[in-house]
Amino acid sequence: MLTILKKRWKTGVITPPNGELGPKVPAVARGRLVSSRVTPGAAAACPTGALSRCGSRAIKDYGRCILCGNCLPPGRDGFSPEWLPAFAQREDCRTWTPPAAAARGKAGGSLQIRMLDAGSCNACEQELGALASPAYDFQRFGLDVVASPRHADVLLVSGPVTRMMRQALERTWEAMPAPKMVLAAGTCAVSGGIFRSSYATLDGLEGWEGGPVIWLPGCPPRPQAILEALLACREKLRGS
Amino acid sequence: MNLIRVAKAEMLGVVRGIKERGGVLFTVCGSDERLWDHGFGLYYVFSLGKGGGFQTVATMVDAADAVFPSVTSVFEAAHWDEREIQDLLGLVPLGHLDPRPLVRPDDWPEGLFPLRKDFPAGERPPLVTSREYPFTPVGGEGVFQVPVGPVHAGIIESGHFRFHAVGERIISLEARLFYNHRGVEKLAEGREVEEAMFLVERICGSCSCSHAVAYAQALEELGSLQVPPRAAALRSTYLELERLYNHLNDVGAICAGTGFSFGAVHGSRLKEEVLALNERLTGHRYLFGTIVPGGLSREPFGLEGLAGDLAALREDWGETVAVLLDNESFRERLRDTGRLSREAARRLGVVGPAARASGVDRDLRRDHPYAAYGRLEVTVPVQQGGDVEARFLIRVKEIAATFALLEELLTDLPAGGIRVPLGELPPYTPTFGYTESPRGANVHFLLTAPGNRIYRHRVRSASFPNWAAVPFAVEGNMLPDFPLINKSFELCYACLDR
Ligand code: SF4
Ligand code: SF4
């Protein structure tokens, strides 16, 4: 017991102060692709069809980008550490341009999450799992993962939605009480990502019509991005 | 590659001979070769132990007679491989004791085999009415069934567990997995080999670097390439960082499984520190985009200070683990729980920490060195208990060994280039590459087509043989102990399902 207390005292508080989502993000982090850095004509090099054709540098769809850097010059420098926001419409992933200063989430209220892995590579889940660690501690924002869909406000879906998980997705959604929404967490859940057009998957939640969805690209979206997206869900649900 | 081609009828005899020489099943691959031959190629790869190399046995299955002799009577470890071949390629293993579907979705039409070349990529066959999966019936007085999943209460990947229990005691467990099957191997086909890397590193987030290196090594072997010493050393560095964050996670998860919050919280805190180091070095917390065929995509961003940070982390971990090791009530809870016997581990071809915890002394880094491991001192801890405590202790000891390896790697990092060009690869030539991932042997088997494109790609990760062993460790235990036992294996569903 004494050794436990000693280690606790020595470790101290590592959770960042209120208002901050998590630890500092290094400048080299791959948050989002910067379109001005894309090699002109690199569309053919993109494994997911996220770029516009015809020699332009334009990003056609952030919802398809897996941040692989194949459209960048050797060394693959061309990412901003800033992560993408959660989008209210799938279409917004196509039309978004980086704002001068991003508005970040506010505290207040609670939100219960049901997690559904629909074929993720598990990095998306691990980033959600990281939110429970003391480095982020999402419970301080009133968020938690619950053991039953009956208790959930938001369904967090990761992965491209496999054939075998489609039914589980429908049933989980049906079991949740209104008001409710879905967070498509990660490029896979948004568009299928690198698994797009497989025989065994759908293209993420793109064609899903079960209910309102918030779209969060990223491969994976970092914990801060998921946290911010969850806070956005909370704002939305409160307004409904 | 050390490969012998034999007639289908001779297959079993040859395989029996390999077993007598102490061979262990390494991977299996079936491939549609009707393009240049009269049927399907079947490849069984065996490891011949430390310093003994590998032996591949290949045979041809005629398209007009799409059956083959199951090798499971000799190597039981091939049981899931052969069921997978049946589902995805439509070749029937004769004499297989459990020929039920494995990978095929429940609503998949009969007679359609996605890994055959006449099944077009991108095709999504219409849903048929879902078939009930034929679970093994268990009867008797007082036996009840507990179905769990595929969606779980928490942040867990998808899979279904069917328990049969009397009171609280589990008398059988059947794991119905492959809910996360994404058709990765078909998606790889036709892709240019360098582009396919982006798919390979997304097979599994927790073993991403292990997959990437195994795949890259398969191509380098095929092209007779040697990556520069600096690239080899940095690959080993990244692989050890991957092992480190996984093992820290798993130790924390075992603590969480017993309700020991001190260990759980410190485990997740330390894992987060390693993820942050990964990101500082490569721009990615899970090391995506770091490995390329022929070497590395770029120099690491920030090596300065890394050795110091790792030393601090090592001390921090030392203080944490001392508390865990000293806590007798925690240790007591792990002891005798979820025992996997050495005999079962061998028979089922279990790999990695799970095998080493059951007294099976195997580690690819030492037995068949790759990357920079040939010049390093790789310590391989072995435990005999086979229970949760043994799997916990193996990880604790491997974390110490990994810190030592990282120190050795960083004190004498070779200078020089980090990438060599791949060149034109010989088409339709089988090759494979492997790594010892945090969970054990991870093998990528490949055939390429002209123009450096993937023709066939089979991935057999450590979770593949190990998942099949979990039910054996669970039987006879209490139902509430299942999460703890499962966490002590900490297998990936994503790796297995693909
Ligand atoms: S997916 Fe890769 S190649 Fe395509 S836009 Fe994103 S970073 Fe560029
Ligand atoms: S979005 Fe990326 S990180 Fe998330 S599940 Fe898909 S491949 Fe994995």
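Okay, so let's go over this structure.

### Structural notes on the packing of helix H1 (residues 2–11) of chain A against helix H7 (residues 261–282) of chain B
- One can describe the packing of H1(A) onto H7(B) by two numbers: an axis separation of 11 Å at closest approach and a directional angle of 30°. By the angle between their axes, H1(A) is roughly parallel relative to H7(B). Both H1(A) and H7(B) take part in a crossing whose hand is left-handed. Here Ile4(A), Lys7(A), Arg8(A) and Thr11(A) of H1(A) lie close against H7(B), whose contacting residues are Ser261(B), Phe262(B), His266(B) and Arg269(B).
- Per-class residue counts for the contact of H1(A) with H7(B) are 2 nonpolar, 3 polar and 3 charged.

### Examining the pattern of salt bridges
- Under the definition given, this model contains 62 salt bridges over all chains.
- For Asp309(B), the salt bridge goes to Arg280(B), with nearest N and O atoms at 2.7 Å. Of this pair, Asp309(B) sits in helix H8 (residues 306–326) while Arg280(B) sits in helix H7, and the two are 29 residues apart along the sequence.
- Residue classification places Asp309(B) among the partly exposed positions, given a relative accessible area of 33%.
- Since its relative accessible area comes to 27%, Arg280(B) is described here as partly exposed.
- Salt-bridge contacts for Arg339(B) lead to Asp336(B); the nearest nitrogen and oxygen are separated by 2.4 Å.
- Linked through salt bridges whose partners overlap, the residues forming this network are Lys7(A), Lys10(A), Arg269(B), Glu273(B), Glu315(B), Asp316(B) and Glu319(B).

### Describing the site of ligand 1
- Taken together, 13 residues lie near ligand 1, and Cys46(A), Cys65(A), Cys68(A), Gly69(A) and Cys71(A) sit nearest.
- Considering only residue class, the shell around ligand 1 consists of 10 nonpolar, 3 polar and no charged.

### Points about helix H13 (residues 388–411) of chain B
- For H13(B), with 24 residues, the first-to-last C-alpha span of 35 Å sits near the 34 Å given by 1.5 Å per residue.
- Of all 24 residues that make up H13(B), 18 are buried, and the element is covered over most of its length.

### A look at the packing of H1(A) against H8(B)
- Axis separation between H1(A) and H8(B) bottoms out at 9 Å; the angle between their running directions is 155°. The pairing of H1(A) with H8(B) is recorded here as roughly antiparallel in orientation. Considering only the axes of H1(A) and H8(B), their crossing is left-handed. Taken together, the residues of H8(B) that come into contact with H1(A) (itself represented by Thr3(A), Ile4(A), Lys7(A) and Lys10(A)) are Glu315(B), Asp316(B), Glu319(B), Thr320(B) and Val323(B).
- The residue makeup of the contact of H1(A) with H8(B), split by class, is 2 nonpolar, 2 polar and 5 charged.

### Quick word on the sheet that holds strand S7 (residues 143–148) of chain B
Residues and elements named next belong to chain B.
- In space, the 3 strands of this open sheet follow the order S7-S8-S9, with antiparallel pairing throughout. In this open sheet, the two strands that pair with only one neighbour each are S7 and strand S9 (169–176). Between one strand and the next, the sheet's axes are offset by a mean angle of 20°, whatever the strand orientation.
- Sheet topology places strand S8 (residues 160–166) next to S9; 7 bridges connect them, and they run antiparallel. Within S9, the residue paired with His164 across the bridge is Ser172.

What counts and how
- Residues numbered from 1 in each chain as written.
- Chains lettered and ligands numbered in written order.
- Predicted model: local features only at pLDDT ≥ 70, side-chain atom pairs only at ≥ 80, totals over all residues.
- Heavy atoms only, no water.
- Axes fitted to C-alpha atoms, helices over the stretch in contact; angles between N-to-C directions.
- Helix = DSSP H or I, 4+ residues; strand = E, 2+ residues; numbered from the N terminus.
- Parallel < 35°, antiparallel > 145°, perpendicular 65-115°, else oblique.
- Left-handed = near helix turned anticlockwise from the far one by under 90°.
- Contact = heavy atoms within 4.5 Å.
- Nonpolar A, V, L, I, M, F, W, Y, C, P; charged D, E, K, R; others polar.
- Salt bridge = Lys/Arg side-chain N within 4 Å of Asp/Glu carboxyl O.
- Buried < 20%, exposed > 50% of the residue type's maximum accessible area, 1.4 Å probe, protein only.
- Near = heavy atom within 4 Å.
- Expected span 1.5 Å × (residues − 1).
- Pairing = 2+ DSSP bridges.

Any functional reading would require information that these geometric values do not contain.
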